[in-house]
Amino acid sequence: MRLLIIEDDREAAAYLTKAFREAGHSVDHAGDGLDGYALAREGAYDVLIVDRMLPKLDGLSLVRSLREQAIATPVLILSALGQVDDRVKGLRAGGDDYLPKPYAFSELLARTEVLARRQAGPAGAAEPTAYRVGDLELDRLSHRVSRAGREIPLQPREFRLLEYLMRHAGQVVTRTMLLENVWDYHFDPQTNVIDVHVSRLRGKIDRGFERPMIHTVRGAGYVVRTEEP
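This structure is a prediction, so every number in the text was calculated from the model and none was measured.

Caption draft 1: Structural view of the packing of helix α6 (residues 156-167) against helix α8 (residues 193-206). It is at 10 Å that the axes of α6 and α8 come closest, and there the two elements cross at 80 degrees. With respect to each other, α6 and α8 are oriented roughly perpendicular. In this structure, α6 uses Arg157, Glu158, Leu161, Leu162 and Leu165 to contact α8, whose residues at the interface are His197, Val198, Arg200, Leu201, Lys204 and Ile205. For the contact of α6 with α8, the per-class residue count stands at six nonpolar, one polar and four charged.

Caption draft 2: Highlighting the sheet that holds strand β7 (residues 136-139). Ordered in space as β6-β7-β8-β9, the four strands form an open sheet in which the pairing is antiparallel. Two strands lie at the open edges of the sheet, namely β6 (130-133) and β9 (150-151), each paired on one side alone. Judged from the four bridges that link them, β7 and strand β8 (residues 144-147) form a sheet pairing that is antiparallel. Opposite Glu137, over in β8, you have Ser146 as the bridge partner. Relative to the sheet, α6 contacts β6, β7 and β8, its axis offset from that of β7 by approximately 115 degrees.

Caption draft 3: Examining the pattern of salt bridges more closely. Counted under the stated rule, the structure contains 15 salt bridges. The salt bridge partner of Lys18 is Glu22, with a shortest N-O separation of 2.5 Å. With Lys18 and Glu22 both in helix α1 (residues 10-22) and four residues apart, the pair spans about one turn of that helix. Looking at Lys18, the relative accessible area reads 52%, which means it is exposed. Between Asp206 and Arg147 there is a salt bridge whose closest N-O contact spans 3.0 Å.

Caption draft 4: Here's a closer look at the side chain of Ser79. Its place among the elements puts Ser79 in strand β4 (residues 75-79). According to the relative accessible area criterion, Ser79 is buried, its value standing at 1%.

Caption draft 5: How the structure looks around the nonpolar core. Counting 29 residues, the largest nonpolar core has Val145, Leu162, Leu178 and Ile205 as the members making the most contacts within it. Elements represented by at least two residues in this core include exactly β6, β7, α6, α7 (175-181), α8 and β12 (221-224). By residue number, the principal contributor to this core is α6, which donates six residues. Residues Ile6, Leu48, Val50 and Ile77 belong to the second largest nonpolar core, which totals 19 residues.

Caption draft 6: Quick look at the packing of aromatic side chains. Summed over all chains, the structure comprises two aromatic pairs. Each ring, one from Tyr15 and one from Phe105, has its centre 6.4 Å from the other, and the planes form 80 degrees; the classification is edge-to-face. Taken together, the residues Tyr15 in helix α1 and Phe105 in helix α5 (residues 105-120) connect sequence positions 90 residues apart. Between Phe20 and Phe105, the ring centres sit 4.9 Å apart and the planes meet at 70 degrees, which makes this aromatic pair edge-to-face. With Phe20 in helix α1 and Phe105 in helix α5, this pair connects stretches of sequence that are 85 residues apart.

Reading the values: rules and limits
Once a new chain begins, its residue numbering starts again from 1 and follows that chain's sequence as written. With the structure being a predicted model, the display of local features is reserved for residues of pLDDT at least 70 and the display and counting of side-chain atom pairs for 80 or more, all residues being used for whole-chain, interface and lining totals. Side-chain measures here rest on the full set of heavy atoms in the structure, leaving out hydrogens and waters. A fitted line through C-alpha atoms serves as each axis, taken over the contacting stretch for helices, and the angle formed by two N-to-C directions is quoted from 0 to 180°. Secondary structure elements are defined from DSSP: runs of H or I of at least 4 residues count as helices, runs of E of at least 2 residues count as strands, and each element is numbered from the N terminus. An angle below 35 degrees is treated as roughly parallel, one above 145 as roughly antiparallel, one from 65 to 115 as roughly perpendicular, and anything else as oblique. Whether two residues are in contact is decided by their heavy atoms, any of which lying within 4.5 Å being enough. Under the convention adopted here, Pro, Cys and the residues Ala, Val, Leu, Ile, Met, Phe, Trp and Tyr are nonpolar, Asp, Glu, Lys and Arg are charged, and Gly plus all remaining residues are polar. Only when DSSP finds a minimum of two bridges between them are two strands counted as paired. Whenever a carboxyl oxygen of Asp or Glu lies within 4 Å of a side-chain nitrogen of Lys or Arg, that contact is scored as a salt bridge. Only protein chains enter the area calculation, which uses a 1.4 Å probe; residues under 20% of their type maximum are buried, those over 50% are exposed, and those in between are partly exposed. Here the nonpolar core consists of buried residues drawn from Ala, Val, Leu, Ile, Met, Phe, Trp, Tyr and Cys, with membership extended through side-chain atoms lying within 4.5 Å. By convention, a stacked pair of Phe, Tyr or Trp rings (six-membered ring in the case of Trp) has centres within 6.5 Å and planes under 30 degrees apart, an edge-to-face pair has planes over 60 apart, and any other such pair is tilted.

Now the structure itself:
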């Protein structure tokens, strides 16, 4: 799963991040409601884990705002407020589940997995064999990439990078997501490997075309889209 934890308690956030990663999942973290809202809008997450009491933008307001923007990513709300009325407010704000504190991580993990399965749809649903964004096409079966009908030869890593970006077209993909899903790194190697490969890929995909397809979102990551916003 690809998770976003929005939690202002640093110790709690560090514990959850470590536990979810040890369980084999990819985790991003935001320390306040506004940062969490921005990441949730731009990133491609399977589940959002949102603390109810957040600085700058409280958890319930954050979830309401996401739903108003038609963002349907499943949300699990964590809160020390565990009365029935509190849980009802959380669910009516747009939450998909509500887990009162204190809780066992095993239960949090199980509930998160249920939400991710529900979001994924019926078991066995096949991934598309090809992606298209504007005039850019990628065929996963033949490993061919073309733009405006012109074939573009790519190295294997460049193909994986473009495939991942196109799978999440229109959504900002973070460096952490690329490291874990394209390079299979579950740590930051402290190198510019991503920047080098994105620059090389951009040169092949965008060179000779009026409109770029691969964009850098400063401080966030990269996105494939047909034009500048």
